[in-house]
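Examination of the molecular architecture
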Amino acid sequence: MNFYSWDNHSTLKRKTGGGKARLDVSYFLKKKGYKSLKYYNSQNVYLKILFLIINFILFPFLIKSGSVLFVQYPHNVGQRNILKFYKNIKNIKTIFLVHDLESIRSKSDKKIEALDLKFSDYIISLNAVLTSYIQNELNIKNKKIVNLDLWDYYVSEKPSSIINIDLTEDTEKYKCNVLIAGNLDKNKVGYLNQLEEISDVRFYLMGDNLDKEIKLKENIKYLGAFNSDTRVNYFGGDILGLVWDGESIGTCSGNYGEYLKKNLPHKTSFYISNMIPVVIWNDAALSRYLKEVHIGLGIDSLCDLSNIAKISGYFDSEILFTEKEKLKNGYYLSKALSDLDMLK
């Protein structure tokens, strides 16, 4: 049996967390012997149409009949139409890895996602909560579904950049150090404006789209934008990696906050890959898993950070290192594929 990874060329080039997740999936699939089947795309309208035609014509010649095709979902319109036309003709079995479901965050039409997922034979969901949503809200009942649990995270021996965080300054002022990495857009992390209220906690910000109108108070430092393969070195103390979205420091509110109840934030794996234990909203889908393996701490409000007297008491550094190595070697994707047991 032949195995293919359907790699969307345009999404793999993105330097965001989402692009990194897709790139790493393709990397680990290649190590497992999957052949890369390129889908070329462009932001240019005319090139997009041209690539659509080329991809459609070439697809049946690039994949053998009876093969298994790994699809990273959401895919695009071109991939959707190719699957509709060729799946039965070429007798292809498909594995869908669900990165995101827009209907959760924006309440968009569920019918399109339900129709797309019906072209899957196997589904890798992010976690048990999302699996329940797929089965009950999208009415996908007769599919073998397994859970990923954590994003794997390939770490290059030569990262594009290294950020050093010196925690030795003003240690008497702060009870806790917290890193906030990722997209800093005010619509996603509107709570940044309120961090000054937690004056006994020091926050470090890393990422794009920081609102220029935000005034960085004494307890907030902006470290700049970064690529997803950036290495973080911290010294002189302990630090937590924060997973928190929404408009308030009191709880994760708004659409982004609600989305945390079902999704699997990629920044979590960025933290773990840098040996940074995670602090996350208690109601997030990932919270229970992180606490079970002793690499994460759940809180109800960011104000709870002031009560964390000693970070080391909540985490096991040996387990954190073990998880880091798992992510580096593609453990979670390999386990999910094994759990699918496609030979049955």
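Scroll up a little and you will see the structure.
Since the structure is predicted, the reported quantities are computational estimates derived from the model, not experimental observations.

Looking only at helices and strands, one finds twelve helices and 14 strands in the protein chain. Relative to the 2.2 N^0.38 estimate, which gives 20 Å for 344 residues, the radius of gyration of the protein chain is 21 Å and therefore close to what a compact globule would have. The dimensions of the protein chain, computed from C-alpha atoms along their principal axes, are 70 × 45 × 40 Å. Taken over 344 residues, the protein chain has a buried fraction of 51%. The centroid of the 47 positive side-chain charges in the protein chain is displaced by 10 Å from the centroid of its 39 negative side-chain charges.

For the α-helix, the turn length of 3.6 residues means that residues three or four positions removed from each other point alike. Within helix α12 (residues 331-340), the full set of buried residues consists of Tyr332, Leu333, Ala336, Leu337 and Leu340. Angularly, the buried residues of α12 cover 135° about the axis, an arc narrow enough to put them on a single face. At the C-terminal side of α12, Asp341 shows a positive phi close to 45°.

This next bit is on the packing of helix α3 (residues 45-62) against helix α4 (residues 77-86). In contact at an axis separation of 10 Å, α3 and α4 are set at 30° when each is read in the N-to-C sense. The angle between α3 and α4 places the two elements in the roughly parallel class. The way α3 lies across α4 gives a crossing that is right-handed. Facing α3, whose interface residues are Leu52, Asn55, Phe56, Phe59 and Pro60, α4 presents Gly78, Asn81, Ile82, Phe85 and Tyr86. Grouping the constituent residues of the contact of α3 with α4 by class yields seven nonpolar, three polar and no charged.

On to the pattern of salt bridges. Counting across every chain of the model gives 15 salt bridges. The closest approach of N and O atoms between Arg80 and Asp116, which form a salt bridge, is 2.7 Å. Pair noted here: Arg80 is in helix α4 and Asp116 is in helix α6 (residues 110-117), with a separation of 36 residues, a long-range link. On the basis of relative accessible area, Asp116 is assigned to the buried category, the value being 2%. Glu292 is the partner of Arg288 in a salt bridge, and the nearest nitrogen-oxygen pair spans 3.1 Å. You can see Arg288 and its partner Glu292 sitting in helix α10 (residues 287-292), four residues apart, about one turn around the helix. Owing to a relative accessible area of 48%, Glu292 belongs among the partly exposed residues under this scheme. The structure contains a network of salt bridges with shared partners spanning Asp100, Glu102 and Arg105.

Our next topic: the environment of Ile308. Take Ile308: it is sitting in the loop between β14 (296-299) and α11 (317-328). Residue Ile308 is classed as buried on the basis of its relative accessible area, which comes to 3%. In the structure, Ile308 is positioned 304 residues away from Tyr4 in sequence and 47 Å away in space, judged by C-alpha atoms.

This part is about the sheet that holds strand β10 (residues 220-222). Strand order in the open sheet formed by six strands is β10-β9-β8-β12-β13-β14, with parallel pairing between adjacent strands. Each edge of the open sheet is held by one strand with a lone partner, namely β10 and β14. Recorded for the sheet is a direction-independent mean angle of 30° between the axes of neighbouring strands. As judged from the two bridges shared by strand β8 (residues 176-181) and strand β12 (residues 240-243), these two strands associate in the parallel manner. The residue of β12 that forms the bridge with Leu179 is Gly241.

For α11, with twelve residues, the first-to-last C-alpha span of 16 Å sits near the 16 Å given by 1.5 Å per residue. When α11 is considered as a whole, its buried residues turn out to be Leu320, Glu323 and Leu327. For α11, the angular spread of buried residues about the axis comes to 60°, placing them on one side. Its side-chain oxygen 2.9 Å from the backbone nitrogen of Glu318, Asp316 forms the N-cap of α11. With its phi angle positive at about 75°, Gly330 sits one or two positions after the end of α11.

Quick look at the environment of Ile295 now. With respect to the secondary-structure elements, Ile295 resides in the loop between α10 and β14. Sequence separation between Ile295 and Val279 is 16 residues, and the spatial gap between their C-alpha atoms is 8.8 Å.

The rules we used
- Residues numbered from 1 in each chain as written.
- Predicted model: local features only at pLDDT ≥ 70, side-chain atom pairs only at ≥ 80, totals over all residues.
- Heavy atoms only, no water.
- Helix = DSSP H or I, 4+ residues; strand = E, 2+ residues; numbered from the N terminus.
- Rg over C-alpha atoms; globule rule 2.2 N^0.38 Å.
- Buried < 20%, exposed > 50% of the residue type's maximum accessible area, 1.4 Å probe, protein only.
- Lys, Arg positive; Asp, Glu negative; His and termini not counted.
- Charge placed at Lys NZ, Arg CZ, Asp CG, Glu CD.
- Arc of directions from axis to C-beta.
- Axes fitted to C-alpha atoms, helices over the stretch in contact; angles between N-to-C directions.
- Parallel < 35°, antiparallel > 145°, perpendicular 65-115°, else oblique.
- Left-handed = near helix turned anticlockwise from the far one by under 90°.
- Contact = heavy atoms within 4.5 Å.
- Nonpolar A, V, L, I, M, F, W, Y, C, P; charged D, E, K, R; others polar.
- Salt bridge = Lys/Arg side-chain N within 4 Å of Asp/Glu carboxyl O.
- Pairing = 2+ DSSP bridges.
- Expected span 1.5 Å × (residues − 1).
- Polar contact = N/O pair within 3.5 Å; in protein donor to acceptor, adjacent residues only side chain to side chain.

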